[in-house]
Amino acid sequence: MKPHLRIVRGDATPEEIAALVAVLATRAAPSRPSAAPSPQMWRNPARRMRKPLSPGKAAWRMSALP
């Protein structure tokens, strides 16, 4: 199996190689879309409506939350 990363000059320590791999992995990772609602949803009055209550453990606590 051929290595994916090759040091051609110098003597890198394991910590330096790990830092390089971490930087390359974060740059290559696709960015995730944010879960924040769009600005149009902020103005939506239905967003303030309460969700249906469901019986179960700690349901009384959830009854006070929007």
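Keep in mind that this is a model prediction, so the values were computed, not measured.

### Things to note about the overall build of the protein
Then comes step 1: The number of helices and strands found in the protein is three helices and zero strands.
Then comes step 2: Taking all 66 residues of the protein together, the buried fraction comes to 0%.
Then comes step 3: Counting only carbon and sulfur atoms, one obtains 62% of the accessible surface of the protein, whose full area is about 7000 Å².

### With respect to a nonpolar patch on the surface
Then comes step 1: A surface patch of nonpolar side chains, amounting to about 450 Å² of accessible area, comprises Leu-5, Ile-7, Ile-17, Leu-20, Val-21 and Leu-24.
Then comes step 2: Checked against the element boundaries, Leu-24 lands in helix H1 (residues 14–28).

### Quick look at the confidence of the model for the protein
Then comes step 1: Chain-level statistics for the protein give a pLDDT mean of 75 and a share of 67% at 70 or above.
Then comes step 2: Of all the helices and strands in the protein, helix H2 (residues 39–42) carries the lowest mean pLDDT, 70, while H1 carries the highest, 85.

Rules behind the numbers
- Residues numbered from 1 in each chain as written.
- Predicted model: local features only at pLDDT ≥ 70, side-chain atom pairs only at ≥ 80, totals over all residues.
- Heavy atoms only, no water.
- Helix = DSSP H or I, 4+ residues; strand = E, 2+ residues; numbered from the N terminus.
- Buried < 20%, exposed > 50% of the residue type's maximum accessible area, 1.4 Å probe, protein only.
- Areas by Shrake-Rupley, 256 points an atom, 1.4 Å probe, with all protein chains shown as cover.
- Patch = residues over 30% accessible without salt bridge, like charges linked within 9 Å, V, L, I, M, F, W, Y side chains within 5 Å.
- Salt bridge = Lys/Arg side-chain N within 4 Å of Asp/Glu carboxyl O.
- pLDDT = per-residue confidence, 0-100.

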